[in-house]
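A structural walkthrough
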Amino acid sequence: MIPKIYSPQEILPDQNILALLSTPKQAEKLKLSTTEKAYVESQLKDEKEFIHINSYFKSTFIVCIPQKKLSRDAFLEKVRKGSISCLPLLQEKKATELVLQNLSGDAGQLTAALEGLVLASYRFDKYLTEKKKDKPALERLGIPKGDLSAQELRWYISMLKGTYIARDLMNEPLSGLTAVQMAKIFTKHAAGLDLQVEVMNKQKIAALKMGGILAVNKGSIDPPTFSILEYKPEGAVNSKPWLLVGKGIVYDTGGLSLKPTKDSMDQMKVDMGGAAAVFGSMYAVASARLPVHVVGLIPATDNRPGGNAYVPGDIITMYNGKTVEVLNTDAEGRLILADALSYVRRYDPEWTLSIATLTGSAEMAIGHYGMVGMGNAPKSLMQKLQKAGDEVYERVVEFPFWDEYGDEMKSHIADYKNIGQRGGGAISAGKFLEFFTDYPYLHLDMAGVAFLAADDGYRLKGGSGMGVRLLASFIRRLSEDK
Ligand code: BES
Ligand code: ZN
Ligand code: ZN
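The following paragraphs examine the structure supplied in this document. (Residues numbered from 1 in each chain as written. Chains lettered and ligands numbered in written order. Predicted model: local features only at pLDDT ≥ 70, side-chain atom pairs only at ≥ 80, totals over all residues. Heavy atoms only, no water.)

Some thoughts on the nonpolar core
Counting residues in hydrophobic clusters, the biggest one holds 100 residues, and the most contacted among them are Leu114, Met182, Leu353 and Leu385. Counting residues in each nonpolar core, the second largest holds 37 residues, with Met200, Val326, Leu341 and Met409 among its members. (Core = buried A, V, L, I, M, F, W, Y, C linked by side-chain atoms within 4.5 Å. Buried < 20%, exposed > 50% of the residue type's maximum accessible area, 1.4 Å probe, protein only.)

Shown next, in the form of structure tokens:
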């Protein structure tokens, strides 16, 4: 769980403090000795952005980042990243508590530091038989009373908890996370919130003739699931629901079109990153009690070869009755998502967004600094998504959504085939999904950001939990616009 966040009435003299400044002058408000003051002054004069005053019984950290020519979004990201410089120093002292002191008067800086510190304190240590005692994680984080409204604090805590849940799900290997286990975790976390979870089992999926999910699952020894999450509070501002669909491939070997192990197949435990983003963002929205009606659909299975596995050349009939020629069993995400996108129709949504670790092509195109977005929904919706993305620094770059990419997915012996050309592979995958929609649609390919090979500031190595803050902020923005 995230560090305990509490609101002290006052800052005690022996507490570790992280002070946020926007100008050097604000340092005068710190309670420091004359020599410490002189030291801070000289450091700030040298434009040092992070200062550590190491007293005998406590540490005072100062973060002073000049906004200069940075955009507001880039500046706040610098605050997120700059704030975490104190964590290794606290670890050295085996300290687990810190109080934030916001001398800048800018609430955005406070919440940015909160986000950076909490996200950088995440640990996935359930499989370590000996905890790393020499490097204790932050356990308590104080935000003095009055610095942030209770509602704002609740919002950030909700988003951060949602991100921790998503990271836990993504880091869990297949040995601990089958489709059935994942659905159970959804149910467990939703308990206590106004978030309904219905899990359809293999029998139900078969009765509904969800041919895409059943085909991908054929080689597996574990059954698939289809989870339906619904958050419908009284007084929701939207009359038609907003739909989120997440790819829940709990492990992608590629199936008979087996992935080469040299391509880091181990990372394919994060192929349910879209599912984690959908669940984590819905958890955040429900836990912050936003007045919005949101439905999340999560088709899930692993994709592997087996005696009965689907094979290249197979023609399958999807949930909506259309046929697909499977030319590559590694293009499986689009098959399970297509069934879910057809199932969306019964909700008559205002719009639907899918999020998935869908193609290596998205990663090739933009690396791990953002997600690829596309769609046919009104431009203003994509713009709001991008604005939300800039704000939380889970950025989205829009790709074209031209019909020619969809033409690549037409087959001569079935309605569609499941692969297009190599070039623009992220887009043809998106266009394939569009065939199964009849409502305003947005699609995010998060393949590049799902798994990080090395720490990048507060974004830690491993499953990133990305997409949660993006989607939660997007939904919050939309709810405020209504
Ligand atoms: N899960 C992969 C995509 C992926 C790649 C996610 C790298 C995260 C990191 C997806 O199912 C896949 O294998 N896609 C194929 C599609 C191709 C066969 C058309 C790919 O991108 O190579
Ligand atoms: Zn695949
Ligand atoms: Zn996949």
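Here's the deal with the state of the cysteines
Two cysteines whose sulfur atoms are joined by a covalent bond form what is called a disulfide. Summed over all chains, the structure comprises zero disulfides. Cysteine Cys64 remains unbridged, with the sulfur of Cys86 as its closest cysteine sulfur at 15 Å. A relative accessible area of 7% means that Cys64 is categorised as buried. The exposure class of Cys86 is buried, given its relative accessible area of 0%. (Disulfide = S-S within 2.5 Å.)

A few points about the coordination of the zinc ion (ligand 2)
At this site the zinc ion (ligand 2) is bound by Asp252 (OD), Asp330 (O), Asp330 (OD) and Glu332 (OE), with donor distances of 2.0 to 2.2 Å. Classification of the site at the zinc ion (ligand 2) as irregular follows from its six donor atoms and the range of 70 to 168° in their angles at the metal. Spacing between the donor residues of the zinc ion (ligand 2) along their common chain follows D-x77-D-x1-E. Separating the zinc ion (ligand 2) from the zinc ion (ligand 3) is a distance of 3.2 Å, and Asp252 supplies a donor atom to each of them. We classify Glu332 as buried; its relative accessible area is 0%. (Donors = N, O, S within 2.8 Å, 3.2 Å for Na, K, Ca; no water. Tetrahedral: all angles 85-135°; square planar, octahedral: opposite > 155°, others 65-115°.)

Digging into the site of ligand 1
Around ligand 1, the structure places 16 residues, and the nearest of them are Lys259, Asp271, Asp330, Glu332 and Gly360. For ligand 1, an oxygen atom lies 2.9 Å from a polar atom in the side chain of Glu332. A distance of 2.7 Å separates an oxygen atom of ligand 1 from a polar backbone atom of Gly360. Relative to its free-state accessible area of 520 Å², ligand 1 is covered by the protein chains to the extent of 78%. (Near = heavy atom within 4 Å. Polar contact = N/O pair within 3.5 Å; in protein donor to acceptor, adjacent residues only side chain to side chain. Areas by Shrake-Rupley, 256 points an atom, 1.4 Å probe, with all protein chains shown as cover.)

Considering the sheet that holds strand E12 (residues 315-317)
Reading across from one edge, E12-E13-E17 is the order of the three strands in this open sheet, with mixed pairing throughout. Each of the sheet's edge strands pairs with one partner strand only, and the pair in question is E12 and strand E17 (416-417). Of the strand pairs in this sheet, E12 and strand E13 (residues 323-325) are connected by three bridges, and their pairing is antiparallel. Within E13, the residue paired with Ile316 across the bridge is Val324. (Pairing = 2+ DSSP bridges. Helix = DSSP H or I, 4+ residues; strand = E, 2+ residues; numbered from the N terminus.)

Looking at unusual backbone geometry
In this structure, Lys209 takes a positive phi of about 60° despite not being glycine. Looking at where Lys209 falls in the secondary structure, it is placed in the loop between helix H7 (202-207) and helix H8 (211-217). Judged by relative accessible area, Lys209 falls into the exposed class, the value being 62%.

Describing the environment of Gly448
Following the sequence through the fold, Gly448 ends up in the loop between strand E18 (441-445) and strand E19 (451-452). Residue class for Gly448 comes out buried when judged on its relative accessible area of 4%. Other than its neighbours up to four places away in sequence, Gly448 contacts Glu363, Gly367 and His368. (Contact = heavy atoms within 4.5 Å.)

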